[in-house]
Amino acid sequence: MTDYNWCHNPDCHTIETQSRVRGTGDNKVLRTMKIKQGRYNYSNDDTPDIYDYFCNQNCLHQFLRKFAREVANIRPVREPSETPIKIEKEKYESYRYEWNSGPNNETQRVPYMATRTIIKNSS
Ligand SMILES: [Zn+2]
């Protein structure tokens, strides 16, 4: 049995697309989009997917903008989390550009030794 959800964006039914038009004769309406559950679940397991609840990115983000505080309060974050890591520093040759610094006012590419931080495995 296939289950369906209605798009959870409270304004889904106000977006003017042909796919939302329903009704007969002069009794036309724009209706909230109906979503087939698991439509993007290619592994056929019960992994939850946000697009089981929203018809597209536009509706998802309209919902998130409208209910941002409520969404954040579902799982409040009151302090940062930390992941222990090891790092390695590595020197490499990079370039910076000096605009109009050449003999004929052209841009010059100037090499220099830069340092990058490499994050090693976190366990
Ligand atoms: Zn929608």
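Preceding block: the structure.
First things first, this report covers the structure right here in the doc. Because the structure is a prediction, the values reported are computed rather than measured. (Residues numbered from 1 in each chain as written. Predicted model: local features only at pLDDT ≥ 70, side-chain atom pairs only at ≥ 80, totals over all residues. Heavy atoms only, no water.)

Some thoughts on the overall build of the chain
Right, so step 1: Looking only at helices and strands, one finds two helices and six strands in the chain.
Right, so step 2: When the elements of the chain are put in sequence order from the N terminus, they spell out β-β-β-β-α-α-β-β.
Right, so step 3: Computed over C-alpha atoms, the radius of gyration of the chain comes to 26 Å, more than 25% over the 14 Å expected from 2.2 N^0.38 for 123 residues, which places it beyond the range of a compact globule.
Right, so step 4: Projected onto its principal axes, the C-alpha coordinates of the chain cover approximately 75 × 50 × 35 Å.
Right, so step 5: Out of the 123 residues belonging to the chain, those deemed buried represent 15%. (Helix = DSSP H or I, 4+ residues; strand = E, 2+ residues; numbered from the N terminus. Rg over C-alpha atoms; globule rule 2.2 N^0.38 Å. Buried < 20%, exposed > 50% of the residue type's maximum accessible area, 1.4 Å probe, protein only.)

Comments concerning the coordination of the zinc ion
Each pair of donors in an ideal octahedron of six around a metal sits at 90 or 180 degrees, and each pair in an ideal tetrahedron of four sits at 109.5 degrees.
Right, so step 1: Bound to the zinc ion are the protein donor atoms Cys7 (SG), Cys12 (SG), Cys55 (SG) and Cys59 (SG), situated 2.3 to 2.4 Å from the metal.
Right, so step 2: What the four donor atoms of the zinc ion show is an angle range of 102 to 115° at the metal, which sorts the shape as tetrahedral.
Right, so step 3: One chain supplies every donor to the zinc ion, and in sequence these donors are spaced C-x4-C-x42-C-x3-C. Here cysteine 59 lies in helix 1 (residues 57–66) and cysteine 12 lies in the loop between strand 1 (4–6) and strand 2 (21–22), a separation of 47 residues in the sequence.
Right, so step 4: Residue classification places cysteine 12 among the buried positions, given a relative accessible area of 0%. (Donors = N, O, S within 2.8 Å, 3.2 Å for Na, K, Ca; no water. Tetrahedral: all angles 85-135°; square planar, octahedral: opposite > 155°, others 65-115°.)

Here's the deal with the nonpolar core
Right, so step 1: Listed in full, the 10 residues of the largest apolar core are Cys7, Cys12, Ile15, Met33, Ile35, Phe54, Cys55, Cys59, Leu60 and Phe63.
Right, so step 2: The element that contributes the greatest number of residues to this core is helix 1, accounting for three residues.
Right, so step 3: Discounting residues that sit within four places of it in the chain, methionine 33 has contacts with Asn5, Trp6, Cys7, Cys12, Ser19, Arg20 and Cys55. (Core = buried A, V, L, I, M, F, W, Y, C linked by side-chain atoms within 4.5 Å. Contact = heavy atoms within 4.5 Å.)

Description of the packing of aromatic side chains
Right, so step 1: For the structure shown, the criterion picks out four aromatic pairs.
Right, so step 2: On the basis of an interplanar angle of 80° and a centroid distance of 6.3 Å, the ring pair of tyrosine 40 and tyrosine 51 is categorised as edge-to-face. Pair noted here: tyrosine 40 is in the loop between strand 4 (34–36) and helix 1 and tyrosine 51 is in the loop between strand 4 and helix 1, with a separation of 11 residues, a long-range link.
Right, so step 3: Plain terms: the ring middles of tyrosine 97 and tryptophan 99 are 6.3 Å apart, the flat faces sit at 25° to each other, and that makes the pair stacked.
Right, so step 4: Tyrosine 97 sits in the partly exposed class, given a relative accessible area of 45%.
Right, so step 5: Sitting over the ring of tyrosine 92, arginine 116 keeps its end group 4.0 Å from the ring centre. (Phe/Tyr/Trp six-rings, centres within 6.5 Å; stacked < 30°, edge-to-face > 60°. Lys NZ or Arg CZ within 6 Å of the ring centre and 35° of its normal.)

Some remarks on helix 1
Right, so step 1: Of the positions making up helix 1, those classed as buried are Cys59, Leu60 and Phe63. The arc that holds every buried residue of helix 1, seen down its axis, measures 105°, which confines them to one face. Among the exposed residues of helix 1, those pointing more than 90 degrees away from its buried face are Gln57 and Arg65.
Right, so step 2: Residues of helix 1 that are buried sit in contact with helix 2 (68–74).
Right, so step 3: The N-terminus of helix 1 is capped by asparagine 56, whose side-chain oxygen sits 3.1 Å from the backbone nitrogen of asparagine 58. (Arc of directions from axis to C-beta. Polar contact = N/O pair within 3.5 Å; in protein donor to acceptor, adjacent residues only side chain to side chain.)

Brief notes about the side chain of serine 94
Right, so step 1: On the secondary structure map, serine 94 appears in strand 5 (residues 87–98).
Right, so step 2: Serine 94 sits in the buried class, given a relative accessible area of 16%.
Right, so step 3: What serine 94 contacts, discounting residues up to four positions off in sequence, is Val110, Pro111, Tyr112 and Ala114.

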